[in-house]
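Take a look at the letters that make up each chain.
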Amino acid sequence: HTGSLLSGEGKRVFLIYSFRDTTGLSFILIYIFLVSSSCLLQNRSLVIPGIGSLDRISPYRHIDLLCIQLTFDDMDNLIANGGYGTPAVSSVGKIQLTDADGPASLNNNFTGVGSIGFPASTAFACTWNKDLAKQFGEMIGDMAHDMHVAGWYAPAMNIHRGAFSGRTFEYFSEDPLISGVMASSEIAGAKEKGVYSFMKHFALNDQETNRTNMVCTWADEQSIREIYLKPFEMSVKEGGAQAVMSS
């Protein structure tokens, strides 16, 4: 689903979210790409074409208002073609956007074009250097421009719950704090270059074996909140994450 709002300053704001199911593995790709977020963050007046001015409406209401501006065909096209980018929607002025896979680089799985590859996230976490992580994100942002990419399917921030998970090398650490610090710093760096990052895999993506065959991860609410969700929370609050990929 997608749509646009006009802020009180006349700047266009996009709020986009889409749902995609591919080969049995469900992705929820949530784009909250704010071309000018000031009107939302500062509760300024919003002027919505055909609806008028609204003050201090909830984000959920924003989504509803955006969706009613779209035709059924618009929404169907966004959902059906919502992987690795989103199509243009002329009725609301949305341009076509391309997303690329990560996390150690940018890879377009359709064109075969890829960026320079960096060390794995686990190696970056071993530096305990959040400034280096931010530079990583900035360099991803620079290379994204060279590849005409707007979104990055990264960083990955699941917890090292066990040593034998098939994608542990993509994740930072067994510690939620260092995972959150490194992830949020990478996201902030990419965001400064105008690239939105898909924090992933939300959440509890702990193994590859049977991942598409109803694998169950057992954890209580306290451990989920304090450990497994903490990097995602930090990525939103401190890194300004604008998108998320589900597990």
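Please refer to the structure placed before this passage.
This text gives an overview of the structure that appears in the document. For clarity, every value in this text was computed on a predicted model and none was experimentally measured.

The rules behind each value
Residues numbered from 1 in each chain as written. Predicted model: local features only at pLDDT ≥ 70, side-chain atom pairs only at ≥ 80, totals over all residues. Heavy atoms only, no water. Buried < 20%, exposed > 50% of the residue type's maximum accessible area, 1.4 Å probe, protein only. Helix = DSSP H or I, 4+ residues; strand = E, 2+ residues; numbered from the N terminus. Pairing = 2+ DSSP bridges. Core = buried A, V, L, I, M, F, W, Y, C linked by side-chain atoms within 4.5 Å. Contact = heavy atoms within 4.5 Å. Axes fitted to C-alpha atoms, helices over the stretch in contact; angles between N-to-C directions. Left-handed = near helix turned anticlockwise from the far one by under 90°. Nonpolar A, V, L, I, M, F, W, Y, C, P; charged D, E, K, R; others polar. Right-handed = clockwise from strand over helix to strand, strands pointing away. Polar contact = N/O pair within 3.5 Å; in protein donor to acceptor, adjacent residues only side chain to side chain. Parallel < 35°, antiparallel > 145°, perpendicular 65-115°, else oblique. Expected span 1.5 Å × (residues − 1).

Residues Ala243 and Met245 point to one face of strand S10 (residues 243-246) and Val244 and Ser246 to the other, with burial holding for every one of them. As judged from the three bridges shared by strand S9 (residues 196-202) and S10, these two strands associate in the parallel manner. Its bridge partner being in S10, Phe198 is matched across the sheet by Ala243.

On to the nonpolar core. Soluble globular proteins: nonpolar side chains tend toward being buried together. Counting residues in hydrophobic clusters, the biggest one holds 27 residues, and the most contacted among them are Leu106, Ile140, Trp152, Met157, Met182 and Met199. At the level of secondary structure, the elements contributing two or more residues to this core comprise helix H4 (121-125), helix H5 (130-146) and helix H6 (176-192). Filtering out sequence-adjacent residues up to four positions away, Leu106 remains in contact with Ala100, Asp101, Val113, Gly114, Ser115, Ile140, Met143, Ala144, Met147, Val149 and Trp152. Residues Ala150, Tyr196, Phe198 and Met245 belong to the second largest nonpolar core, which totals seven residues.

Following both chains from N to C, one finds H6 and helix H8 (residues 230-237) inclined at 30 degrees, their axes separated by 8 Å at the closest point. In this structure, H6 meets H8 at a crossing whose hand is right-handed. Residue-level inspection shows Pro176, Leu177, Ser179, Gly180, Val181, Ala183, Ser184 and Ile187 of H6 in contact with H8, the latter providing Lys230, Pro231, Met234 and Ser235. Across the contact of H6 with H8, the residue classes break down as seven nonpolar, four polar and one charged.

Okay, the pairing of S9 next. Within S9, six of the seven residues are buried, which leaves the element mostly enclosed by the surrounding structure. Here strand S8 (residues 151-153) pairs with S9 via two bridges, running parallel. When the sheet's bridge partners are listed, Gly151 is paired in S9 with Tyr196. For the segment spanning S8, H6 and S9, crossover handedness is right-handed.

Now for the environment of His160. Note on placement: His160 falls in the loop between S8 and H6. For the pair His160 and Ser179, spaced 19 residues apart in sequence, the C-alpha separation works out to 9.8 Å. Once residues within four sequence positions are removed from consideration, His160 is found in contact with Thr122, Thr168, Tyr171, Phe172, Ser173 and Glu174. Engagement of the side chain of His160 in a polar contact is seen with the backbone oxygen of Tyr171, the distance being 3.0 Å.

So, on to unusual backbone geometry. Across residues other than glycine, the phi torsion is negative in most instances, and most of the peptide bonds are trans. The omega angle of the peptide bond from Lys200 to His201 is -10 degrees, so this bond is cis rather than trans. Along the chain, the position of His201 falls in strand S9. With omega at 0 degrees, the peptide bond leading from Phe202 into Ala203 counts as cis. One non-glycine residue, Tyr84, lies in the positive phi region at around 60 degrees. Topologically, Tyr84 is positioned in the loop between helix H3 (72-80) and strand S6 (85-86). Here Tyr84 falls in the partly exposed class, since its relative accessible area comes to 31%. Phi is positive for His148, which is not a glycine, with a value near 60 degrees. Secondary-structure assignment places His148 in the loop between H5 and S8. Of the residues examined, His148 reaches a relative accessible area of 69% and is grouped as exposed.

A few words now on the packing of helix H7 (residues 221-228) against H8. Their axes nearest at 5 Å, the elements H7 and H8 cross at an angle of 45 degrees. Here H7 lies oblique to H8, going by the angle between them. Contacts from Arg225, Glu226, Ile227 and Tyr228 of H7 reach H8 at Lys230, Pro231 and Phe232. Residues that form the contact of H7 with H8 fall into these classes: four nonpolar, no polar and three charged.

On to H5. Each α-helix turn comprises 3.6 residues. Residues three or four places apart therefore point the same way. Under the 1.5 Å per step criterion, the end-to-end length of H5 is 25 Å for 17 residues, consistent within 8% with the ideal 24 Å. Within H5 the residues assigned to the buried category are Ala133, Phe136, Gly137, Ile140, Gly141, Met143 and Ala144. The elements touched by buried residues of H5 are H4, S8 and H6. The backbone nitrogen of Asp131 lies 3.0 Å from a side-chain oxygen of the residue at the head of H5, namely Asn129. One or two steps after H5, the chain reaches His148, where phi turns positive at roughly 60 degrees.

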